Every structure is written in structure tokens, then in C-alpha cells.
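# Results of the structural survey
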Amino acid sequence: MQTPPAASPAAPPVPPAPPEAPAPDDLDYRHAGSRVHVAAHQRGADATAIGQLAVQVPGFLVSLAVVASFAVGILGTAMGWLVILAWLASGALVFHRPTELAFARHVMKLRVPLAQERARLEPIWREVTARAGVEAHTYELMVENSTDLNAVAAAGHVVGVTTYALNEIPSSNLAAVLAHELGHHTGGHAWTGLLGYWYSLPGRIAWAFMRGIARVAIRVASVFSLAATGMVYLFIGMFVIGGFVAAWYITVPLVVAPYLLAYVGRQGELRADRQAADLGFAPQLAQVLYHFQAQEDAVKAQAAAQGRQLKEPGGLAKLLTTHPDNYTRLQALEPYLQLSR
């Protein structure tokens, strides 16, 4: 047998080739050449963003307790306080451009646009930001290799768009999608969401660790006897109840927080829709939402043709969704659509 040749290092993924027939450029660029106004506040924090931060406070307190316990317990008081202060200061990385770009590349799998992609994307982005009175260069445009129609507002300065949205939909619809993401940025939804996630991470890690310990304890006890397993369950139950009683002002908000965060997220989506509508993109955004609904209907029809019925989310699952359904979003856009007729 011949010895197989040594494996060569994996080549970086090749971006998809642009479509042969480009998406129609039907956008009115009257604002891009000459800015009508510059908003007094380029970015801020609306009620949704403030709500995101408020709901994350209990998680932050738990994380602070976890970090303080480990830092002081392992390193001592002096070094422990330095670690605590460093952790508190680390939230500023949300606004640090190199860190944001690294996060976008490695976590969100976004990349820098190719020259041809940038030539299509930047004029549309300049028109959107001109209508909003926002400096276009405030944000970094990035691309995700994906066949889904989607876009994302990440961290403090990143706006990402999929290759499908970039290459397959008309420019006016792409502008509506970008205007929606700009609304997340100008409303502060992106940075408050990431900041809340970062500061609640130690608490979530500690909770996952405790759940893992509990599962191991139950599995070990089950090897010995049913009574031992019952004792472990009893101990865990007493521990959880004791935690709720002793610190109900933190544990109760922690239980409610996922539902409140989902509600705030849905409100943030509607606010971002209104931002796009205020900039004149209500009809185009409605077309995008109809596209989403058509995709959902096609999936259901395919399942029905195969004799399957997709399980609809229950009441609690619906409360945990971070996006309103398409009909709710279209209904919220209806006043803008009537004005544009």
C-alpha cells in the first residue's frame, strides 16, 4: 500500500460568486449626495435599551458575587479586588472597535465585504444613514455567507448582512433591512444587549456548573439505591427553596428575567421597524416580512404534504420568543403603509 500524502492545511472558505443577474437597483438616492441634516445625537438608549439593562441587573449582581467569591477566595483580598475592578471595566470592550471586529469575525462569522459587495452595499448604506441624519462611517459594514435573508446589528458599531440579502433582493428592500438594523443601533439595543449578556455570563456559567454537579450527584446516587437518589433530590430541593427564601429579591427576578428580556426584545424589533418606516421604507420592509411569512408557509405546506404536522410553540415558548410574529409586525406597519398609498 502506498503511504497517503500528508494532508495540506485547510484553505480558507471561498466566498460565493456573485449572481449572474444582479438584484435590481430601484432605490431613490436623492439624500445620499447631500445630507439633509445631522442628528444631534447619533446614538442613544431608548426605553427598550434601558429596559434591557434593568432586566439584567439581577444577573449582574449574581455574576458580581461569583467573580468576587472566586477572585477573593483564590487570590486574596488585594489581588481579588483588582480582578473585580478589571471585570467591571471589561464592559468597555463593547465599544472597542478591534474587539468588536474580532467578535464579529470569530463569534458571529462575519467578514469584510469584497470589493464588488462593497460597491453595492455602501451607496445603499449612505442613503439610509443620510435619511437618518447619521454619519455612515460610524458603523462597520460586514457580510455573512448565508442563503437566508437576514441582517444583524452587533456590538456597538457593526452592521452585518447576508450574501442572500446583498445579492438577491432589490436595493430598496435591502435599504429597509439596513434601516431596521440602524434602528437597533441608534436605539442602543445592540450594545445594551451585548453588555447585559457579558455581565451576566459568570452567573450563567456558575449556574450551568451547579446543574452539572447536581446531575452527577443524582447519577451517582442512583447507582446505590432509590433512597439515596431521593435524598439527593431532597437536598437539592431544600437548597433551591432556601435560596429563593433567603434572597427572593434576586432569585425571583432571575426566574422572570428571560420572559422580560424576550418581551423587551420584541418591543425592540417593533421600534426598529418603526425607525425603518420613519425613513420611508415601510412598503419595502413589508415586502421583506411577506417573504419571511411565505417561507414559513412553504415549510408548513411541505410538512403537510409529507403527512407531518409541525408542532406549534406553546404559551410559555411564545413568551420566550425575542421576535414578534410577521403578522404582528405587519399590523404595526399598517399606518405607515396607508400613508404611502
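Rules and cut-offs
Residues numbered from 1 in each chain as written. Predicted model: local features only at pLDDT ≥ 70, side-chain atom pairs only at ≥ 80, totals over all residues. Heavy atoms only, no water. Helix = DSSP H or I, 4+ residues; strand = E, 2+ residues; numbered from the N terminus. Buried < 20%, exposed > 50% of the residue type's maximum accessible area, 1.4 Å probe, protein only. Contact = heavy atoms within 4.5 Å. Areas by Shrake-Rupley, 256 points an atom, 1.4 Å probe, with all protein chains shown as cover. Pairing = 2+ DSSP bridges. Axes fitted to C-alpha atoms, helices over the stretch in contact; angles between N-to-C directions. Parallel < 35°, antiparallel > 145°, perpendicular 65-115°, else oblique. Nonpolar A, V, L, I, M, F, W, Y, C, P; charged D, E, K, R; others polar. Arc of directions from axis to C-beta. Polar contact = N/O pair within 3.5 Å; in protein donor to acceptor, adjacent residues only side chain to side chain. Core = buried A, V, L, I, M, F, W, Y, C linked by side-chain atoms within 4.5 Å. Salt bridge = Lys/Arg side-chain N within 4 Å of Asp/Glu carboxyl O. Phe/Tyr/Trp six-rings, centres within 6.5 Å; stacked < 30°, edge-to-face > 60°.

## So, the overall build of the protein chain
A tally of helices and strands in the protein chain yields 13 helices and three strands. Residues counted as buried form 38% of the 341 residues belonging to the protein chain. Residue pairs at least 24 apart in sequence account for 77% of intrachain contacts in the protein chain once pairs closer than 6 positions are excluded. Accessible surface for the protein chain amounts to roughly 19800 Å². Of this, 67% is attributable to carbon and sulfur atoms.

## Focus: the sheet that holds strand S2 (residues 151-154)
In any sheet, the strands associate via hydrogen bonds between backbone groups, in a parallel or an antiparallel arrangement. Pairing is mixed in the open sheet, where three strands are placed in the order S1-S3-S2. Two strands in the sheet have a free side with no partner beyond their single neighbour: strand S1 (140-144) and S2. Neighbour-to-neighbour, the strand axes of the sheet open up by a mean angle of 25 degrees, direction not taken into account. Pairing geometry for S1 and strand S3 (residues 158-162), over five bridges, is parallel. Within S3, the residue paired with Val143 across the bridge is Val161. In the packing of helix H7 (residues 171-186) onto the sheet, contacts are made with S2 and S3, and the angle to S2 comes to roughly 20 degrees.

## Some remarks on the packing of H7 against helix H11 (residues 282-305)
With their axes 8 Å apart at the nearest point, H7 and H11 run at an angle of 90 degrees to one another. On the basis of their axis angle, the class for H7 and H11 is roughly perpendicular. On the side of H7, the interface is formed by Ser172, Asn173, Ala176 and Val177, while H11 contributes Gln284, Leu285, Gln287 and Val288. When its residues are assigned to classes, the contact of H7 with H11 shows four nonpolar, four polar and no charged.

## Details of helix H1 (residues 47-55)
Among the residues of H1, those classed as buried are Thr48, Ala49, Gly51, Gln52 and Val55. In a view along the axis of H1, the buried residues occupy a sector of 160 degrees, so they form one face of it. Exposed residues pointing more than 90 degrees away from the buried face of H1 are listed as Ala47 and Ile50. The opening residue of H1, the one whose side-chain oxygen lies 3.0 Å from the backbone nitrogen of Thr48, is Asp46.

## Considerations on the nonpolar core
If you look at soluble globular proteins, the nonpolar side chains tend to sit buried side by side. Membership of the largest hydrophobic core comes to 37 residues, with the highest contact counts inside it found for Trp125, Val128, Leu174, Leu178 and Phe281. Secondary-structure elements contributing two or more residues to this core are helix H5 (115-132), S1, S3, helix H6 (163-168), H7, helix H10 (248-278), H11 and helix H13 (326-340). It is H7 that contributes the most residues to this core, seven residues altogether. Contact partners of Trp125, with chain neighbours within four places excluded, come to Ala136, Tyr139, Leu141, Val159, Leu178 and Leu182.

## Observations regarding the pattern of salt bridges
The tally for this structure, following the rule as stated, stands at five salt bridges. Arg97 is the partner of Glu140 in a salt bridge, and the nearest nitrogen-oxygen pair spans 2.8 Å. Of this pair, Glu140 sits in strand S1 while Arg97 sits in helix H4 (residues 97-106), placing them 43 residues apart in sequence. Exposure remark for Glu140: the relative accessible area of 29% places this residue in the partly exposed category. Salt-bridge contacts for Glu122 lead to Arg118; the nearest nitrogen and oxygen are separated by 2.8 Å. Here the residue Glu122 and the residue Arg118 both occupy positions in helix H5, the gap between them amounting to four residues, near one helical turn. The exposure class of Glu122 is partly exposed, given its relative accessible area of 28%. Residue Arg118 is classed as partly exposed on the basis of its relative accessible area of 29%.

## Some points on the packing of aromatic side chains
For the structure shown, the criterion picks out five aromatic pairs. An angle of 10 degrees between the planes, with centres 5.8 Å apart, marks the rings of Phe60 and Trp87 as stacked. Taken as a pair, Phe60 in helix H2 (residues 57-75) and Trp87 in helix H3 (residues 77-89) lie far apart in primary sequence, 27 residues in all. Relative accessible area serves as the criterion here: at 24%, Phe60 is assigned to the partly exposed category. Taking relative accessible area as the criterion, Trp87 reaches 10% and is therefore assigned buried. When the ring of Phe60 is compared with that of Tyr199, the centres are 5.6 Å apart and the planes differ by 80 degrees; the resulting orientation is edge-to-face. In this pair, Phe60 sits in helix H2 while Tyr199 sits in helix H8 (residues 189-224), placing the two residues 139 residues apart along the sequence. Linked through ring pairs, Phe60, Trp87 and Tyr199 together constitute an aromatic cluster.

## Here's the deal with the environment of Gln293
As for its placement among the helices and strands, Gln293 is situated in helix H11. For Gln293, a relative accessible area of 8% corresponds to the buried category. Put simply, Gln293 and Asp325 are 32 residues apart on the chain and 8.9 Å apart in space, counted from C-alpha to C-alpha.

Just distances and angles here, no functional claims.
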